[in-house]
Amino acid sequence: MMIKSKKLISAAIFCVCYILFEYQASTWIEKDITEVSGATTKGSSACQDKNEKIWINEKNRDCSWVGTWKKGRCHGEAKIHCPVTCGMCDEMKTKDGEYLSTDEIDEEDDLSTKDYDDENNESGEEEEDDDNYDDDDNDTENNSESEFDDESTNDDQEDGGKDGNEQDMDQNANEENEEIPHWNETTWKHILDNYVPGQKVKVGKNETFLFRGKEEKIKARELIGEIREGGQLVVDLVNRTDHFFWHVTQTPLCNLLRSMAVIDTIPSAAHVSMPKRPLLNITLCWDCLQKKFSLGEGNWITAFYTTRIAAAAARVDVQIQCNDGRDSQMDMLLPWFETYQPAPTEENPWPFHGQLPTEFEACSDYYEPVRLDLMIDEIRNDMRKMGVTMFGSRENKSHPSVPLDQPPLVPDIEIEDVAIHLRCGDVMGGVARSDFGMMQFSEYKKWISKDARTVGIVTQPFEKERNRSLDHDKVDDCRAVTYKLVDYLQDFLPSAKISIHNSVNESLPMTYARLVMADQSFTTLSSFGIFPVIGGFGKGYFQKGNGGVNPFSKYLPEIYPGELIMMDAPVKTAAELRGMDLQSILDWFVEEDS
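Overview of the structure.

Cut-offs used in this document
Residues numbered from 1 in each chain as written. Predicted model: local features only at pLDDT ≥ 70, side-chain atom pairs only at ≥ 80, totals over all residues. Heavy atoms only, no water. Pairing = 2+ DSSP bridges. Helix = DSSP H or I, 4+ residues; strand = E, 2+ residues; numbered from the N terminus. Axes fitted to C-alpha atoms, helices over the stretch in contact; angles between N-to-C directions. Contact = heavy atoms within 4.5 Å. Parallel < 35°, antiparallel > 145°, perpendicular 65-115°, else oblique. Left-handed = near helix turned anticlockwise from the far one by under 90°. Nonpolar A, V, L, I, M, F, W, Y, C, P; charged D, E, K, R; others polar. Expected span 1.5 Å × (residues − 1). Buried < 20%, exposed > 50% of the residue type's maximum accessible area, 1.4 Å probe, protein only. Disulfide = S-S within 2.5 Å.

What about the sheet that holds strand E17 (residues 564-567)?
Inference 1: The 6 strands lie next to each other as E14-E13-E11-E15-E16-E17, forming an open sheet whose pairing is parallel. Single-partner strands in this sheet number two, and they are strand E14 (497-501) and E17. Neighbouring strand axes in the sheet, compared pairwise and without regard to direction, differ in orientation by 15 degrees on average.
Inference 2: Across 4 bridges, strand E15 (residues 520-523) lies against strand E16 (residues 539-543) in parallel orientation. Following the sheet pairing, glutamine 520 is matched in E16 by lysine 539.
Inference 3: Strands in contact with helix H17 (residues 508-517) are strand E11 (418-421), strand E13 (454-458), E14 and E15; relative to E11, the strand with the most contacts, it is inclined by about 135 degrees.

Here's the deal with the packing of helix H16 (residues 475-492) against helix H21 (residues 582-589)
Inference 1: Close contact between H16 and H21 brings their axes to 11 Å; oriented N to C, the two are set at 25 degrees. Relative to H21, H16 is oriented roughly parallel. In the crossing of H16 with H21, the sense of the turn from one axis to the other is right-handed. Facing H16, whose interface residues are Asp477, Ala480, Val481 and Lys484, H21 presents Leu582, Leu586 and Phe589.
Inference 2: Class assignment of the residues belonging to the contact of H16 with H21 gives a composition of 5 nonpolar, no polar and 2 charged.

Here we look at H16
Inference 1: For H16, which comprises 18 residues, the first-to-last C-alpha distance of 26 Å matches the rise-based estimate of 26 Å (1.5 Å per residue) to within 8%.
Inference 2: Along H16, the residues that are buried comprise Val475, Asp477, Cys478, Val481, Thr482, Leu485, Val486, Tyr488, Leu489 and Phe492.
Inference 3: Of the surrounding elements, those touching the buried residues of H16 are E11, strand E12 (437-439), helix H15 (442-447), E13, E14 and H21.

Topic: the packing of helix H9 (residues 251-261) against helix H11 (residues 297-313)
Angle between the axes and distance between the axes are the two parameters that describe a pair of packed helices.
Inference 1: Their axes nearest at 10 Å, the elements H9 and H11 cross at an angle of 30 degrees. In terms of orientation, H9 lies roughly parallel with respect to H11. Crossing geometry of H9 relative to H11 is assigned as right-handed. Residues Leu253, Cys254 and Leu257 of H9 lie in contact with H11, whose contacting residues are Thr307, Ala310 and Ala311.
Inference 2: When its residues are assigned to classes, the contact of H9 with H11 shows 5 nonpolar, 1 polar and no charged.

Quick look at the sheet that holds strand E7 (residues 232-238)
Inference 1: A sheet is described by the order of its strands in space; here 6 strands give the open sequence E3-E6-E7-E8-E9-E10, paired in mixed fashion. Strands at the two margins of the open sheet, each flanked by one partner only, are strand E3 (199-203) and strand E10 (339-341). The mean angle between the axes of side-by-side strands here comes to 25 degrees, regardless of whether they run parallel or antiparallel.
Inference 2: Two elements, strand E6 (residues 223-228) and E7, share 3 bridges in a ladder whose sense is antiparallel. Of the residues in E7, the one forming a bridge with arginine 228 is glutamine 232.
Inference 3: Those strands touched by H9 are E3, E6, E7 and strand E8 (279-284), and its axis lies near 140 degrees from that of E8.

Quick look at the environment of glycine 548
Inference 1: By the element assignment, glycine 548 lies in the loop between E16 and helix H19 (556-559).
Inference 2: On the basis of relative accessible area, glycine 548 is assigned to the buried category, the value being 5%.
Inference 3: As for glycine 548 and glutamate 368, which are separated by 180 residues in sequence, their C-alpha atoms are 7.0 Å apart.

A word on the state of the cysteines
Inference 1: Under the definition given, this model contains 4 disulfides.
Inference 2: A sulfur-sulfur separation of 2.0 Å characterises the disulfide bridge that pairs cysteine 47 with cysteine 89. With the S-S bond torsion at -80 degrees, the cross-link from cysteine 47 to cysteine 89 turns out left-handed. Separated by 42 residues along the polypeptide, cysteine 47 in the loop between helix H1 (2-35) and strand E1 (54-56) and cysteine 89 in helix H6 (residues 89-92) bring together distant segments of the chain. Taken individually, cysteine 47 and cysteine 89 each receive the classification buried, so the pair is uniform in this respect.
Inference 3: Here cysteine 424 engages in a disulfide with cysteine 478; their sulfurs sit 1.7 Å apart. One end of the pair, cysteine 424, is in the loop between E11 and E12; the other, cysteine 478, is in helix H16, and 54 residues separate them in sequence.
Inference 4: Its sulfur unpaired, cysteine 322 is 8.8 Å from the next cysteine sulfur, which belongs to cysteine 285.
Inference 5: The class for cysteine 322 is buried, based on a relative accessible area of 13%.

Focus on unusual backbone geometry
Inference 1: Geometrically, the link from isoleucine 266 to proline 267 is a cis peptide bond, its omega value of -5 degrees lying close to zero.
Inference 2: Within the secondary structure layout, proline 267 lies in the loop between H9 and E8.
Inference 3: Backbone geometry places asparagine 239, a non-glycine residue, at a positive phi of 55 degrees.
Inference 4: Counting through the fold element by element, asparagine 239 comes out in the loop between E7 and H9.
Inference 5: Here the phi dihedral of aspartate 412 falls at roughly 60 degrees; this positive angle occurs in a residue that is not glycine.
Inference 6: On the secondary structure map, aspartate 412 appears in the loop between helix H14 (376-391) and E11.
Inference 7: Given the relative accessible area of 79%, aspartate 412 is considered exposed.

Geometry only, nothing functional implied.
Dropping the structure here:
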C-alpha cells in the first residue's frame, strides 16, 4: 500500500514539473514572438520582412497576413515587422544608407491595444456622458461620447436586454463570430455572389479618434450587418446614438456609410454596382432619448437631417423609425420625423435642392460647413404634414398625404396671423454662451403686418416644475420678459388679440403646428424654432445664424426669396445678459422706443 502511494506521489510530482516546464517554455516562445517587432537591426544594410510571426490581437500573425489588407493592417508594430510589405523601407533608411532598428522608430500605436478592422476586439470601456447640453440650441464645444448604446440593445437583436458592452464581449468570446466575413472592397462581390439570405457580415471597424482634434476620444465600433433577400446589405442601429451629429460627430456615421457603400469618399465618383443599395436602418426609443440625454429636440432634429444628407451623398438608403412613435406623437416632436429615404440613383445623384454636397459639406465634424439648407424641401414637407395633421387642413394650407376631410388630432384651434417663438430661460443669463441670445423687440415692428388681427407667443412654461432644472432660476425673469413683449406688441397693434401659449395643455407638436400654420412666424437664435419657421406655410423670419447656431440659415433667403427672411436684429448674447439685472434687460428690449 505504501509503495503504491509513493508511486502516485512521484507521478503527481512529475506531472506538476512537466506542466511548469511546458508553461515556461510557452512563455519563452510567446515572449520571443511578442518581442520580435522590427525587421532590421541597427547598422543593417538590408530591408526585409521578418520570417517570425508577430502577436496581434491574441493570435500569431505573419507578414503574408498583413499583406492581404495593407490599408487596415499596416499600423504600429506590424508595419515595422513587415517593412517591405507595408512600404516602410524608405522611412527606415538613414543618411548613411543603413536601416534603423525597431527601438529607433517612433511607433504610431501599440498592437496589444489596437482594434483592427478584421478583429472584433472591443475594449468594453465605459464612456462618459456630458449633461451640459441646452434643450434648444447646439453647443459646439460641449459634445460628448454616447453611452446610450451601452445601455440598450445592440446590433444583434437576439441578445435581449444585454447592454452594448456585454454583447460586444459575448461576440468576442464567440468563436463563430470569427467566421463572419468582412464587408469591404475586396470581399463584397464574393459575398453577394455566394450569400444566403440572413448571412451576417462585419461592417465598419473599431476605432477611436479625437473629437475635432481635442483630447476627448470618440469611439466607433465594428457592426454586424445582414444580407437580406435580393442581396441588400442592412445595418441596424437600435437605440444607439454613437452615429449621430451633436452627440458625437459626423465622422462615425460617414465612416460607416463609406464601408456600407464600399467607397473611399462621400460622394464617390465611382459607385459599385449592387443588386440593391445598402440600407442603414435606425430605430430609436424617443422617450428613452429624452430621459437619458439633455439634448433638446432641436438638436436631434438637426442630427436626423444631417444623417439624411450624408446617407444620400453616399447613395445609401436610410430609414429612421421609432418603437414608441405612435404613442408619443401628441407629446413629442421626434416621432414626426420617421422616414424612409431611398438612395439617389446614378441618373439623378442628388434629387434634393441644390447640388450634390462635397464631402466637407456632408461629413464635417463642425456644424458650420454642413449644408442643412439642402434639405429645405424635405423640412418643409415634414413641417407642413405635421401642422395639417395636428390642426387640420385650412384654406391654402393642406398637405398631399393628409386628406382634406381628415379630422385634426387637436380640433378647434385658432390659427393666428402671427406666431412668435420666444426663447428665454437659459439664454437670459443661465449659461455663458456667446453664440445665441435674444433680440430687441423693435425688430418685430419692422416685419409684422399692421393688418394682423391675432398674435400668438409660444414660450416656456411659467411653472418651475415644468421646466428643466437649469431654467428654474429664470422662470420669473422669463415671465416678465414675455409680458413685456405682450405690452409692446399691444401698443403696436391696439386692436389685435395677443395670446401666450405655454399652458399645461400645450405640447411641443402644438407649438410647432402654431408656427407652421401662421401667416407670419418668427424665431431668434434657436435650433428648436428654426425648423417650423422655415418649413411653414407663411413667411418665416429668423435671426441671422452663426457658427454654433443655424449657420446654414444664410443660404435660405436665396432659395425662397420673399418667403424666408433673415433678420439681422440687435442681439444680446446669453453671456452678456448674464451680467445684467432684470430691469436693465427689460429696458434694453425696448430702449430704441424709449
